[in-house]
Amino acid sequence: MTLLKSEIDLLRSVPIFAGIEPARLKLIAFTSDSIAYRAGQVICRQGQPGDAAYVLVDGEADVSVATEAGDFLVATLGPGDVVGEISILCDTPRTATVTARTGLTALRVRKESFLQLLKQFPEIAAEVMRGLADRLTHTNEELVRARNLAAARGGEA
């Protein structure tokens, strides 16, 4: 009983669950696992099947994509951010590797439970979509910056 209460308290501290009533938080806590990761530990790896999404509760994680030139850091995420949801929503392999930058705690929500949560709680679905949109905007900005840099270097030759 105490473990469930501490997970509910943990959920309350996560922005995407902020507006959820306590009885519903209990359901979410019951269907998720709180996992601690140490700095440098991989949470999920690019190319692997997606079986869960992760909600970062505390700490930071780096998101990187493997390229021919090596790993490329795409983003650094923190408390309240969700990772691993793309492979669940699109039913594709993981699109990036997520590694704990610091010690961190995350809630692992298995695929079936995550999809149920999105159906039952539209406010969570809206927050997940907002997070995806923010990441897409950031990625587009990075692409434009990289193209401009490449064009400037090409102009110097």
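The shown structure was predicted, so the numbers you read here are calculated from the model rather than taken from an experiment.

### Quick word on the overall build of the protein chain
Along the backbone of the protein chain there are five helices and eight strands. Ordered by position in the sequence, the α and β elements of the protein chain form the string α-α-β-β-β-β-β-β-α-β-β-α-α. Along the first, second and third principal axes, the C-alpha atoms of the protein chain reach 65 × 30 × 25 Å. Out of the 157 residues belonging to the protein chain, those deemed buried represent 34%. Working note: accessible area of the protein chain is about 9,100 Å², and carbon and sulfur atoms make up 57% of it.

### Regarding the sheet that holds strand E8 (residues 104–110)
Strands pair in a sheet through their backbones, by hydrogen bonds, and they do so in one of two ways: parallel or antiparallel. Within the open sheet, the four strands sit side by side as E1-E8-E3-E6. Their pairing is antiparallel. Both edges of this open sheet fall to strand E1 (32–37) and strand E6 (82–83), since each of them pairs with a single strand only. Bridging between E1 and E8 involves six bridges; their strand directions are antiparallel. Bridging from a neighbouring strand, Asp-33 pairs with Arg-108 of E8.

### Things to note about unusual backbone geometry
Of note, Asp-91 is a non-glycine position whose phi angle comes to about 55°, a positive value. Relative to the elements of secondary structure, Asp-91 occurs in the loop between helix H3 (85–90) and strand E7 (97–100). Judged by relative accessible area, Asp-91 falls into the exposed class, the value being 59%.

### Some details on helix H2 (residues 22–30)
Taken residue by residue, H2 has Leu-25, Ile-28 and Ala-29 as its buried positions. Projected onto a plane normal to the axis of H2, the buried residues spread over an arc of 100° and lie on a single side. The outward face of H2, more than 90 degrees from its buried face, is lined by the exposed residues Ala-23 and Phe-30.

### Quick word on the sheet that holds strand E2 (residues 42–44)
Reading across the sheet, the four strands line up as E2-E7-E4-E5 and stay open at both edges, with antiparallel pairing between neighbours. Each end of this open sheet is capped by a strand with a single partner; those strands are E2 and strand E5 (70–77). The sheet shows a mean angle of 35° between the axes of neighbouring strands, taken without regard to direction. Two strands pair when backbone bridges link them, and strand E4 (residues 61–67) and E7 are joined in this way by four bridges, in the antiparallel orientation. Among the inter-strand pairings, Ala-61 is bridged to a residue of E7, identified as Ala-100.

### A closer look at the pairing of E4
As paired strands, E4 and E5 are joined by seven bridges and run antiparallel to one another. Bridged to Ala-66 within E5 is Asp-71.

### Structural notes on the pattern of salt bridges
Scanning the model with the defined rule gives seven salt bridges in all. A salt bridge links Asp-51 to Arg-94, with the nearest nitrogen and oxygen atoms 3.5 Å apart. Placement of the pair is Asp-51 in the loop between E2 and strand E3 (52–58) and Arg-94 in the loop between H3 and E7, with a sequence separation of 43 residues. For Asp-51, a relative accessible area of 47% corresponds to the partly exposed category. Residue classification places Arg-94 among the buried residues on the basis of a relative accessible area of 6%. With a closest N to O distance of 2.8 Å, Asp-91 and Lys-111 form a salt bridge.

What counts, and at which threshold
Residues numbered from 1 in each chain as written. Predicted model: local features only at pLDDT ≥ 70, side-chain atom pairs only at ≥ 80, totals over all residues. Heavy atoms only, no water. Helix = DSSP H or I, 4+ residues; strand = E, 2+ residues; numbered from the N terminus. Buried < 20%, exposed > 50% of the residue type's maximum accessible area, 1.4 Å probe, protein only. Areas by Shrake-Rupley, 256 points an atom, 1.4 Å probe, with all protein chains shown as cover. Pairing = 2+ DSSP bridges. Arc of directions from axis to C-beta. Axes fitted to C-alpha atoms, helices over the stretch in contact; angles between N-to-C directions. Salt bridge = Lys/Arg side-chain N within 4 Å of Asp/Glu carboxyl O.

Functional significance is not addressed by these values, which are geometric in nature.
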